[in-house]
Amino acid sequence: MKQSILTRYRVMAYITAVWLLVFTVAIVLKYGFDTGDTMVISQIHGVLFIVYVVFAFDLGSKAKWPFGKLLWVLAAGCIPVASFLVEPKITREVQPLIVRDETAPVEA
C-alpha cells in the first residue's frame, strides 16, 4: 500500500472532523440562541464527508478490513470529535502495511 492512500485519509479525517465541529457549533447557535444560518456550513461538510467516505473506503479496501470495521471508521466521520480519536488508531494499524510494501523486492 502506498503512503499517499493513508495520507489523504488522514487529511480528510481531520478536515471533516473540524468542519463537523464547526457545523455542531452553528447548529447550537441557530437552535439554542436563534442566531446564524447553517446552510453553507452543512453543504461544505456534506461534500467533505463524501470525499472522506471515498478515501476511507479506498484505505479500507487496500487494508482488507472487514465490513464492520469499515462502517466503524465511516461512522467516526459522523460523530463530533470521534475522528480525532479513530484516526491515530487507524494510522498505527495501517503504517506497518505501508512499510512492508515499500521494502518488498521489485519483480522484473
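Residues numbered from 1 in each chain as written. Predicted model: local features only at pLDDT ≥ 70, side-chain atom pairs only at ≥ 80, totals over all residues. Heavy atoms only, no water.

K.L.:
What am I meant to see in the overall build of the protein here?
P.N.:
Helices and strands together make up the secondary structure of the protein, namely four helices and zero strands. Scanning the protein from its N terminus toward the C terminus, one meets helices and strands in the order α-α-α-α. Expected size for 108 residues packed as a compact globule is a radius of gyration near 13 Å; at 17 Å, the protein overshoots this value by more than 25%. Once the C-alpha set of the protein is aligned to its principal axes, its extents read approximately 65 × 25 × 20 Å. Pairs at least 24 apart in sequence give 69% of the contacts found in the protein among residues at least 6 apart. Just so you have it, the protein exposes about 6,700 Å², and 71% of that area is on carbon and sulfur atoms. (Helix = DSSP H or I, 4+ residues; strand = E, 2+ residues; numbered from the N terminus. Rg over C-alpha atoms; globule rule 2.2 N^0.38 Å. Contact = heavy atoms within 4.5 Å. Areas by Shrake-Rupley, 256 points an atom, 1.4 Å probe, with all protein chains shown as cover.)

K.L.:
Explain the nonpolar core here, please?
P.N.:
Most often, soluble globular proteins have nonpolar side chains that are buried together. By size, the foremost hydrophobic cluster in this structure holds 22 residues, and its most contacted members are Tyr 9, Tyr 52, Leu 59, Trp 65, Val 73, Ile 90 and Val 94. Elements that contribute at least two residues to this core include exactly helix H1 (3-33), helix H2 (39-63), helix H3 (67-76) and helix H4 (82-103). It is H2 that provides the largest number of residues to this core, a total of six residues. For Trp 65, the residues in contact, after removing those within four places along its chain, are Ala 56, Leu 59, Gly 60, Leu 70, Val 73, Ile 90, Glu 93 and Val 94. (Core = buried A, V, L, I, M, F, W, Y, C linked by side-chain atoms within 4.5 Å. Buried < 20%, exposed > 50% of the residue type's maximum accessible area, 1.4 Å probe, protein only.)

K.L.:
Would you explain the environment of Leu 74 in this entry?
P.N.:
Checked against the element boundaries, Leu 74 lands in helix H3. On the basis of relative accessibility, which here comes to 16%, the residue Leu 74 falls in the buried class. Counting along the chain gives 16 residues from Leu 74 to Ile 90, while the straight-line C-alpha distance between them is 12 Å.

So yeah, pure geometry; function would need other evidence.
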